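# Chains, contacts and geometry: an overview
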Amino acid sequence: MNVVAIFDIGKTNKKVFLFDENYKIVWEKSVNLDETVDEDGFPCEDIEVLKNWIFERLSEIKNKTDYVLKAINFSTYGASFVYIDEKGKVLTPLYNYLKEYPEELKNDFYNKYKGQEAFAVKTASPVLGSLNSGMQIYRLKEEKPELFNQVKYCLHLPQYLSFLLTNEAFSDITSIGCHTNLWNFKKMKYHKWLKKENISAKIPPLHYGKDIIKQQDGLAIGVGLHDSSSAIIPYTINFTEPFVLLSTGTWSISLNPFNNKQLTFDELQHDCLCYMQYTEKPVKAARLFSGNEHEIQTKRLAEYFNVPVDTYKEVYFDKKIVSNLRALNFQIIYPKKYDFDILKECPFQKRDLNNFKSYEIAYHQLMLDIVEQQFFSTNLVVHNSPVKKIFVDGGFSKNSIFMNLLAEAFPDIEVYAASMAQASALGAALAIHQNWNPKPIQNDLIDLKFYKH
């Protein structure tokens, strides 16, 4: 059986999948690897341990007689650089994008390049410190110039993993184009600050996501993709009518591949940003930290009502409870005027739990508040765009209260719960389809459930 191996590397879970020619998963393994710390004692990925795990899994796959390995690709979390010298040796820890960024250095940078507003708009990058991965390179250059001089290439994590197998260094647009401060979206090329700071020579040439690096043994190896951009590929292949993908997890990210309007500074301040598809088309996106908020508030509810933390899994949409809560709160279902202040914090944080007679009622209120935030967040990318459908995948797609309220919030758009096995891994396999798979792509990769408002 011919297969493609995809290494799907998350911050917590590291997974490897074998997909057959019909893109069904035929084998998989996952692991949680222990982190290490950088020179400041801040937790970070142990790149050596990750590298060893990948080589061990590859060796295991190649020893399997039932499968013929035709291709390999990578999908990993973004905003993380690996710095290598001319021999390919890793020079620094894999710094964590959650690490605090020095305020003085940040201010110096933006003052040098026309201020935060102009720079953020040009690069479609909200000001996020270490999450703007280009700022990590700038920090290394300023704080450790001797070490920086030894750097041959700065590789985003997916491209470093590909380099391990090919010994060829490339950049990829899905990693470079994702709130990195590196890409000028107006001119669709690298921002000139890289040249001015003598960094551009350390960024390897761009490689298209659909192309591969052919090995002597005939194995096709992809250059790797940023996981958020990879996850949208199965949808863009399956659906041509304008849609928004609402990808829900710790973050709920609304992704619109059909909105190519330039981001405004106002939108950037409301956590809008751009991702890049592997086809080099921008995807307008809006982030909301709602999965994290849901986790915090369900713990608070469990404590107050003295029930297990996952009790919410047993609570289903009740129209009567929703009507009663709306009457109590004088809530307007579809506000005409956009109140983006609601995106700053979830209204449920300030609600007095003594006002709720039961866990079920309180949980419905939590979901009303989260969906109200979601309405405003998703509207940032839906507004002035010909969107006909919203597909919800991830955790909230299985939540009947969330799905029914969202369908009600967008009465003119069809809302679907979408389920698909491992979207980002599947996307990385589909991206290099033409290089390993002679069969046409089937359009049954995604299961949909329609929610009527």
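Under an unreviewed UniProt entry, the protein chain has the name FGGY-family carbohydrate kinase and belongs to Flavobacterium psychroterrae. Here the protein chain is described in UniProt, under the heading Sequence similarities (unreviewed entry), as follows: "Belongs to the FGGY kinase family."

Across the sheet, 7 strands lie side by side as E16-E17-E15-E14-E18-E19-E20; this open sheet has mixed pairing. Edge positions in the sheet fall to strand E16 (272–276) and strand E20 (447–451), since each has one partner strand and no second. Recorded for the sheet is a direction-independent mean angle of 25 degrees between the axes of neighbouring strands. Two strands pair when backbone bridges link them, and strand E19 (residues 414–419) and E20 are joined in this way by 5 bridges, in the antiparallel orientation. Across the sheet, Val415 pairs through a bridge with Tyr451, a residue of E20. Packing of helix H14 (residues 359–382) onto the sheet brings it into contact with strand E14 (243–248), strand E15 (252–256), E16, strand E17 (282–288) and strand E18 (389–394), and relative to E17 it is tilted by some 165 degrees.

Applying the stated criterion across every chain, the model contains 33 aromatic pairs. Ring geometry for Tyr416 and Phe450: centres 5.2 Å apart, planes at 45 degrees, overall tilted. Highlighted residues: Tyr416 in strand E19 and Phe450 in strand E20, separated in sequence by 34 residues. Judged by relative accessible area, Tyr416 falls into the buried class, the value being 13%. Three or more aromatic residues joined by ring pairs form one cluster here, namely Tyr235, Phe239, Phe243, Phe258, Phe391, Tyr416 and Phe450. Here the guanidinium or amino end of Arg139 rests over the ring plane of Tyr101, the centre of that ring lying 5.7 Å away. Lys210 extends its terminal NZ or CZ atom over the ring of Tyr208, reaching a point 5.9 Å from the ring centre.

As a further point, take the environment of Tyr97. As for its placement among the helices and strands, Tyr97 is situated in the loop between strand E7 (81–84) and helix H2 (103–112). What makes Tyr97 buried here is its relative accessible area of 19%. The spacing of Tyr97 and Arg57 is 40 residues in sequence and 27 Å in space, taken between C-alpha atoms. Sequence-distant contacts of Tyr97, defined by excluding residues within four places in its chain, comprise Lys11, Tyr77, Gly78, Ala79, Ser80, Ser130, Leu131 and Gln136.

In contact at an axis separation of 11 Å, H2 and helix H4 (residues 133–143) are set at 105 degrees when each is read in the N-to-C sense. Considering their axes alone, H2 and H4 lie roughly perpendicular with respect to each other. Touching Leu105, Lys106, Phe109, Tyr110 and Lys112 of H2 are Met135, Tyr138, Arg139, Glu142 and Glu143, all from H4. Taken together, the residues of the contact of H2 with H4 sort by class into 5 nonpolar, no polar and 5 charged.

Criteria and thresholds
- Residues numbered from 1 in each chain as written.
- Predicted model: local features only at pLDDT ≥ 70, side-chain atom pairs only at ≥ 80, totals over all residues.
- Heavy atoms only, no water.
- UniProt positions renumbered as here; feature names shortened; annotations may be inferred.
- Pairing = 2+ DSSP bridges.
- Helix = DSSP H or I, 4+ residues; strand = E, 2+ residues; numbered from the N terminus.
- Axes fitted to C-alpha atoms, helices over the stretch in contact; angles between N-to-C directions.
- Contact = heavy atoms within 4.5 Å.
- Phe/Tyr/Trp six-rings, centres within 6.5 Å; stacked < 30°, edge-to-face > 60°.
- Buried < 20%, exposed > 50% of the residue type's maximum accessible area, 1.4 Å probe, protein only.
- Lys NZ or Arg CZ within 6 Å of the ring centre and 35° of its normal.
- Parallel < 35°, antiparallel > 145°, perpendicular 65-115°, else oblique.
- Nonpolar A, V, L, I, M, F, W, Y, C, P; charged D, E, K, R; others polar.

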